[in-house]
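Overview (structure and organization)
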Amino acid sequence: MGDLVVLLKPALNPEMIRGTPEGLVDFDYMPLKLSDIDRNAVEEAVRIRDSYFKGAKIYSITVVTWGPVAKRDKDVRMAVQEGLAKGVDEAIVVEDDSLTPGDPVTTASAIVAALKKFGINPSLILAGEATIDGFTGQVAGRVAAKLGLPYVSYARKLEVLGDRIRAERDVEDYVEVVEAPLPAVVSVTREINTPRPPTLIQIRMAARKPQHFVKASDLGGVVAPKKRVVEARVLTVKRKQVIVEGKTLEETADKLIDALVSEGVIRA
């Protein structure tokens, strides 16, 4: 069996949205973190390597989609380092302001170009079903199409059967079992496993693993992004700050009900 590749994305952290005084989302200063479902992809890659592909290497490929790169570099390196600590053997990072803000077409073309640049011919490519910022769910499928490989999406269970894989797909109303020949591309859901935190030794060893940072000019066939962020606003909730008072609890409750009825929140 050949090696494995896992796709890792430093995504915008939705828990730390920052806004400008004008109420716009400040994308440049929102921190990045490793996309949550990508952690499941790494965990599954390690499990498959240890169970089926003994002696194989796990490569991670990261395409930075949020700029400016100079301000994002620390967050990107932390996300990549987390993947290395969790079991990735070698990391490839495409960092270039010409690719930001990224889109699925650009990202997929950069991933395929990186595979060709480094001569990686994996038996299996794993990715999260979607990333926590874009959530298009398109990148893994586009990579499969560009490489001419079978694609299995939304896998919640994965087995390797010789030169084939068998996956349980979560398609909401029912579970579908499919098989595909290797090499293949698979996107996984959160249900496929429970990611383990890296040990202290794994964290320390991660810094010694190979990391390659390349630009679009180092690769061939990378499609320039067509997406342009025009405007995104922070959702704000204005409070009316009405104080309801009464001499007794019952009187206060009656006044509160009257206020809610007048606002149309409840009906008497």
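Here's a quick rundown of the structure. (Residues numbered from 1 in each chain as written. Predicted model: local features only at pLDDT ≥ 70, side-chain atom pairs only at ≥ 80, totals over all residues. Heavy atoms only, no water.)

Digging into the sheet that holds strand β10 (residues 184–188)
With mixed pairing, the nine strands of this open sheet are ordered in space as β9-β8-β7-β10-β6-β1-β4-β5-β11. Looking at strand neighbours, the two that pair on one side only are β9 (175–181) and β11 (211–214), the edges of this open sheet. Taking the axes of each pair of neighbouring strands and ignoring which way they run, one obtains an average angle of 30° across the sheet. Along the sheet, helix α3 (residues 104–117) makes contact with β1 (4–7), β4 (58–63), β5 (90–94) and β6 (124–128), crossing β4 at roughly 140°. (Pairing = 2+ DSSP bridges. Helix = DSSP H or I, 4+ residues; strand = E, 2+ residues; numbered from the N terminus. Axes fitted to C-alpha atoms, helices over the stretch in contact; angles between N-to-C directions. Contact = heavy atoms within 4.5 Å.)

Re the layout of surface pockets
One number sums up the size of the largest pocket: a volume of about 450 Å³. Those elements that place two or more of their residues in the lining of the largest pocket are β4, α3, β6 and α4 (139–147). By residue class, the composition of the lining of the largest pocket is 15 nonpolar, 10 polar and six charged. (1 Å grid on protein atoms, 1.4 Å probe; cavity = no way out; pocket = protein on both sides within 12 Å on 5 of 7 lines; lining within 4 Å. Points joined across faces, edges and corners; volume = space filled by probe spheres on them. Nonpolar A, V, L, I, M, F, W, Y, C, P; charged D, E, K, R; others polar.)

A word on α3
Under the 1.5 Å per step criterion, the end-to-end length of α3 is 20 Å for 14 residues, consistent within 8% with the ideal 20 Å. Burial of α3 is extensive: 11 of the 14 residues sit out of reach of the surface. Within α3, the full set of buried residues consists of P104, T106, T107, A108, S109, A110, I111, V112, A113, A114 and L115. The secondary structure elements touched by the buried residues of α3 are β1, β4, β5, β6 and α4. At the C-terminal side of α3, G119 shows a positive phi close to 65°. (Expected span 1.5 Å × (residues − 1). Buried < 20%, exposed > 50% of the residue type's maximum accessible area, 1.4 Å probe, protein only.)

Details of the nonpolar core
Among the nonpolar cores identified, the biggest contains 41 residues, and L124, L158, I165 and V186 are the most heavily contacted of them. Among all residues touching L158, those that are not within four sequence positions of it are E44, R47, I48, L124, L126, I165, R166, A167, V186 and I192. Judged by nonpolar contacts, the second largest core, of 25 residues, contains L7, V63, A113 and L115. (Core = buried A, V, L, I, M, F, W, Y, C linked by side-chain atoms within 4.5 Å.)

Points about unusual backbone geometry
The peptide bond linking G67 to P68 adopts the cis configuration, its omega dihedral lying at -5°. A cis geometry characterises the amide bond from L182 onward to P183, with omega recorded as 0°. Residue position: P183 is located in the loop between β9 and β10. For F135, which is not glycine, the phi torsion reads 55° and is therefore positive. Residue position: F135 is located in the loop between β6 and α4. For Y154, which is not glycine, the phi dihedral falls at a positive 55°. Note on placement: Y154 falls in strand β7 (residues 151–161). For Y154, a relative accessible area of 33% gives the class partly exposed.

Let's talk about the pattern of salt bridges
Inspection of every chain in the model, using the stated rule, returns 16 salt bridges. With its nearest N and O atoms 3.1 Å apart, the salt bridge here joins D36 to K33. E179 is the salt-bridge partner of R166, the closest N and O atoms lying 2.8 Å from each other. Residue R166 is located in strand β8 (residues 164–170), and its partner E179 is located in strand β9; the two are separated by 13 residues in the primary sequence. Taking relative accessible area as the criterion, E179 reaches 40% and is therefore assigned partly exposed. Members of the salt-bridge network, linked through shared partners, are K33, D36, R39 and E82. (Salt bridge = Lys/Arg side-chain N within 4 Å of Asp/Glu carboxyl O.)

A closer look at the packing of α3 against α4
Where α3 contacts α4, the two axes come as close as 9 Å, and the packing angle between them is 50°. Relative to α4, the element α3 lies oblique. α3 and α4 meet at a crossing whose hand is right-handed. Residues P104, V105, T107, A108, S109, I111, V112 and L115 of α3 form the contact with α4, whose own contacting residues are V139, R142, V143, K146 and L147. A class-by-class count of the residues in the contact of α3 with α4 yields nine nonpolar, two polar and two charged. (Parallel < 35°, antiparallel > 145°, perpendicular 65-115°, else oblique. Left-handed = near helix turned anticlockwise from the far one by under 90°.)

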